[in-house]
Amino acid sequence: MNPVLRRARPLLGTLVEMRVEGLREADARAALTQAFAEVGRVHALMSFHAPDSDLSRVHAAHAGAEIEVDARTHEVLTIARLVADLTGGAFDVAVGAALVNAGALPRPRSPFTPDPAARAGDIELLAGNRVRLRRPLWIDVGGIAKGYAVDRAVELLQVRGATQICVNAGGDLRCFGPRAEGVHLRAGDGALPSRPTLELRDAAIATSATQAAGVHRHGATQAEVAPGLCASVAAARCVIADALTKVVLASDARTSARALAHFGAQAARHDPRSGWIRLENAA
Amino acid sequence: MHARWLTAAGALASAAAPAAYATQYMSVEEAQQEAFAQAQFEELAPPDAATAAALDAPVGWAPRVFTARSGGALRGWLIVDQVVGKSERITYALALDAQGAVSLLEVLDYRESHGGEVRLAPWRKQFVGKTVADPVALGKDIRNISGATLSCRHLTEGVQRLLKLYDASLKTKHPSSP
């Protein structure tokens, strides 16, 4: 009988855990090694900090220049623009300058000063995986890349023939396979519930919390999102679940419901007073 | 996609919390084989107090250091160490090749406790008698947790300390070339 193999490595600023079933042990080990390497690759491509990442190369060029990026970076930016469009800019990866000003990110090497009015819509996504900034801005995909890395790992393990898979990057998780998996939702530093909160099959869930005051803002209105809130979103892909947690935290109920319905996603919110509350989606 | 909430819409029950949660991913022996297949391993004496002080190590710091050799030639080192955060304790293995470059970093054991203490354990005995068939291990206690991101800052600091240990002590005591 093929073993269940679980591995965990520190990546993406958190612990990334992977579990596979249905492969011979040697094949499972090789597949996991490859999947961890892919997560590391996504991180290296989309890091705000690393000087040789795709984003750093975009920031180091003059605004208006066409920069070729990896297909994966291009895909993440494409998804980010779609979510921004669907949410009136509540989720906006042009948030880099605001996070630098808030002290949450270091100042990148860049020849330009970002335009405070620049938005994700100013990131032009051109053929041949090229990117051009219509207005000067710094891109931070911290709100979406972790989910994307989870998707890449799961898809790679699927291709390698694993029959049941779960990849969890610090709470952004996706599972694949015929068996439903129980998931325990945890808010903030809170204790772990003793029973699963929901079950997933071939689905992803992501959870995000607002931490320090002043860091989390609505992408378009710049209204501050209070600290101590938490949102979980279940969706088919982890990249979508990851992005939509930020939408649920920052948006009004109507905007959230519309975005959730668009992706067939489900959500719950947590605050210290009410605990977990499931959100209605418009579907 | 299938997602089913295990409570009705509206408030989700928040049940009582278990005291602790633990997962074992790998044994020391499995990490050794993953890093240096077919090698012979020899455990060195743990770093002395002066070394620990020079590296600003926390109380109780006692990494297990193994050399990996094949046919007498040094292939590298495998170091097993433990770090403690606010509510979690992580045992991990760091493999360095003969030139001191990181070749593998794997979490062996993760343990968390909310409300209880997660102290640096006298853990040299921790893996004695532990096999993959141990109840805490594979498949028996699978918990998928989605929640606020775990910080691995302590683990990163632990790795930095081991790299300094290599520079300060392993490199010179066990040169890769005579």
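Residues numbered from 1 in each chain as written. Chains lettered and ligands numbered in written order. Predicted model: local features only at pLDDT ≥ 70, side-chain atom pairs only at ≥ 80, totals over all residues.

Overview of the overall build of chain B
Move 1: Secondary structure summary: chain B contains three helices and eight strands in total.
Move 2: The secondary structure elements of chain B, listed N-terminal to C-terminal, are β-β-α-β-α-β-β-β-β-β-α.
Move 3: For chain B, the residues scored as buried account for 31% of the 178 residues in total.
Move 4: Within chain B, counting contacts between residues at least 6 apart in sequence, those at least 24 apart form 63% of the total. (Helix = DSSP H or I, 4+ residues; strand = E, 2+ residues; numbered from the N terminus. Buried ≥ 20, exposed ≤ 12 C-beta atoms within 10 Å, placed from the backbone. Contact = placed C-beta atoms within 7 Å.)

With respect to the overall build of chain A
Move 1: Across its full length, chain A holds seven helices and 13 strands.
Move 2: Here the C-alpha radius of gyration of chain A, 19 Å, is about what a compact globule of 283 residues would show, namely 19 Å.
Move 3: Principal-axis analysis of the C-alpha atoms gives chain A an extent of 60 × 45 × 30 Å.
Move 4: Residue burial in chain A is summarised as follows: out of 283 residues, 53% are buried.
Move 5: Relative to all contacts within chain A whose residues are 6 or more apart in sequence, the contacts with residues 24 or more apart total 60%. (Rg over C-alpha atoms; globule rule 2.2 N^0.38 Å.)

Considerations on the domain arrangement of chain A
Residues and elements named next belong to chain A.
Move 1: Segmenting chain A into domains produces domain 1 (54-133) and domain 2 (180-283).
Move 2: The straight-line distance from the C-alpha centre of domain 1 to that of domain 2 is 24 Å.
Move 3: The partner domain 2 presents 16 residues to the 15 residues of domain 1 that form the contact.
Move 4: Element by element, the count of residues in the side of domain 1 that touches domain 2 is highest for helix α3 (residues 71-86), at five residues.
Move 5: Taken together, the residues of the side of domain 1 that touches domain 2 sort by class into eleven nonpolar, three polar and one charged. (Domains from an automatic or database assignment. Nonpolar A, V, L, I, M, F, W, Y, C, P; charged D, E, K, R; others polar.)

Concerning the sheet that holds strand β4 (residues 123-126) of chain A
What links the strands of a sheet is backbone hydrogen bonding, and the strands pair in either a parallel or an antiparallel sense.
Residues and elements named next belong to chain A.
Move 1: The strand order across the open sheet formed by three strands is β3-β5-β4, and the pairing between neighbours is antiparallel. Sheet topology places β3 (66-68) and β4 at the edges, where each strand pairs with a single neighbour. For this sheet, the mean angle separating the axes of adjacent strands, direction not counted, is 30°.
Move 2: Pairing analysis gives four bridges linking β4 to strand β5 (residues 130-133), with the strands arranged antiparallel. (Pairing = 2+ DSSP bridges. Axes fitted to C-alpha atoms, helices over the stretch in contact; angles between N-to-C directions.)

Looking at the sheet that holds strand β6 (residues 164-169) of chain A
Residue and element names in this part refer to chain A.
Move 1: The strand order β1-β2-β6-β7-β10-β11-β12-β13 describes an open sheet built from eight strands, whose pairing is antiparallel. The sheet terminates laterally at β1 (5-11) and β13 (275-278), the two strands that pair on one side only. Each adjacent strand pair in this sheet contributes to an overall mean axis angle of 15°, direction not counted.

Here we look at the nonpolar core
Move 1: A:A80, A:V233, A:A234, A:A241, A:L244 and B:L78 are the most contacted members of the largest nonpolar core, which totals 126 residues.
Move 2: Broken down by element, this core gets its largest block of residues, ten residues, from helix α6 (residues 238-250) of chain A.
Move 3: Each of domain 1 (54-133) and domain 2 (180-283) of chain A accounts for three or more of the residues forming this core.
Move 4: Setting aside residues up to four positions removed in sequence, A:A80 forms contacts with A:V93, A:A120, A:V141, A:I144 and A:A243. (Core = buried A, V, L, I, M, F, W, Y, C linked by C-beta atoms within 7 Å.)

What about helix α7 (residues 253-262) of chain A?
Residue and element names in this part refer to chain A.
Move 1: Inspection of α7 places S256, A259 and L260 among the buried residues, and these make up the whole buried set. Here the buried residues of α7 occupy an arc of 100° about the axis, which is enough to place them on one side.
Move 2: Looking at the buried residues of α7, the elements they touch are α3, α6 and β12 (266-271).
Move 3: Among the residues trailing α7, G264 stands out with phi positive, at a value near 60°. (Arc of directions from axis to C-beta.)

Some points on the pairing of β1(A)
Residues and elements named next belong to chain A.
Move 1: Taken across its seven residues, β1 has seven buried, putting it largely inside the fold.
Move 2: Side-chain alternation along β1 places L5, R7, R9 and L11 on one buried face and R6, A8 and P10 on a second face that is also buried.
Move 3: Inspection of the sheet shows β1 paired to strand β2 (residues 14-21) by seven bridges, in the antiparallel sense. Bridge assignment links R9 to a residue of β2, and that residue is V16.

Some points on the packing of helix α5 (residues 145-159) of chain A against α6(A)
A pair of packed helices is characterised by two quantities: the angle between their axes and the separation of those axes.
Residues and elements named next belong to chain A.
Move 1: Where α5 meets α6, the axes come as close as 7 Å, and the angle between the chain directions of the two elements is 165°. Regarding the angle of α5 to α6, the classification is roughly antiparallel. Of the two possible hands of crossing, α5 and α6 adopt the one that is right-handed. Where α5 abuts α6, its residues K146, G147, Y148, V150 and D151 lie against C238, V239, A241, D242 and A243.
Move 2: Considering only residue class, the contact of α5 with α6 consists of six nonpolar, one polar and three charged. (Parallel < 35°, antiparallel > 145°, perpendicular 65-115°, else oblique. Left-handed = near helix turned anticlockwise from the far one by under 90°.)

Brief notes about the packing of α3(A) against α6(A)
Residue and element names in this part refer to chain A.
Move 1: The interhelical angle for the contact between α3 and α6, taken along N-to-C directions, is 35°, at an axis separation of 11 Å. The crossing of α3 and α6 is right-handed. Touching I79, A80 and V83 of α3 are V239, A243 and V247, all from α6.
Move 2: Tallied by class, the residues present in the contact of α3 with α6 amount to six nonpolar, no polar and no charged.

Comments concerning the environment of B:G158
Move 1: Relative to the assigned elements, B:G158 resides in helix α3 (residues 153-173).
Move 2: Ignoring sequence-local partners within four residues, the contact set of B:G158 consists of B:D81 and B:V83.

Re helix α1 (residues 25-46) of chain A
Move 1: Taking 1.5 Å of rise per residue, the 22 residues of α1(A) would be expected to cover 32 Å, and the 32 Å separating its terminal C-alpha atoms lies within 8% of that figure.
Move 2: If you follow the buried residues of α1(A), they end up packed against β1, β2, α2 (54-60), α3 and α5 of chain A. (Expected span 1.5 Å × (residues − 1).)

Quick look at unusual backbone geometry
Residues and elements named next belong to chain A.
Move 1: A positive phi angle, close to 60°, is found at L12, a residue other than glycine.
Move 2: Relative to the helices and strands, L12 is located in the loop between β1 and β2.
Move 3: The phi dihedral of N129 falls on the positive side, at around 55°, and the residue is not glycine.
Move 4: Considering the arrangement of structural elements, one finds N129 in the loop between β4 and β5.
Move 5: Judged by local crowding, N129 falls into the partly exposed class, with 17 C-beta atoms found within 10 Å.

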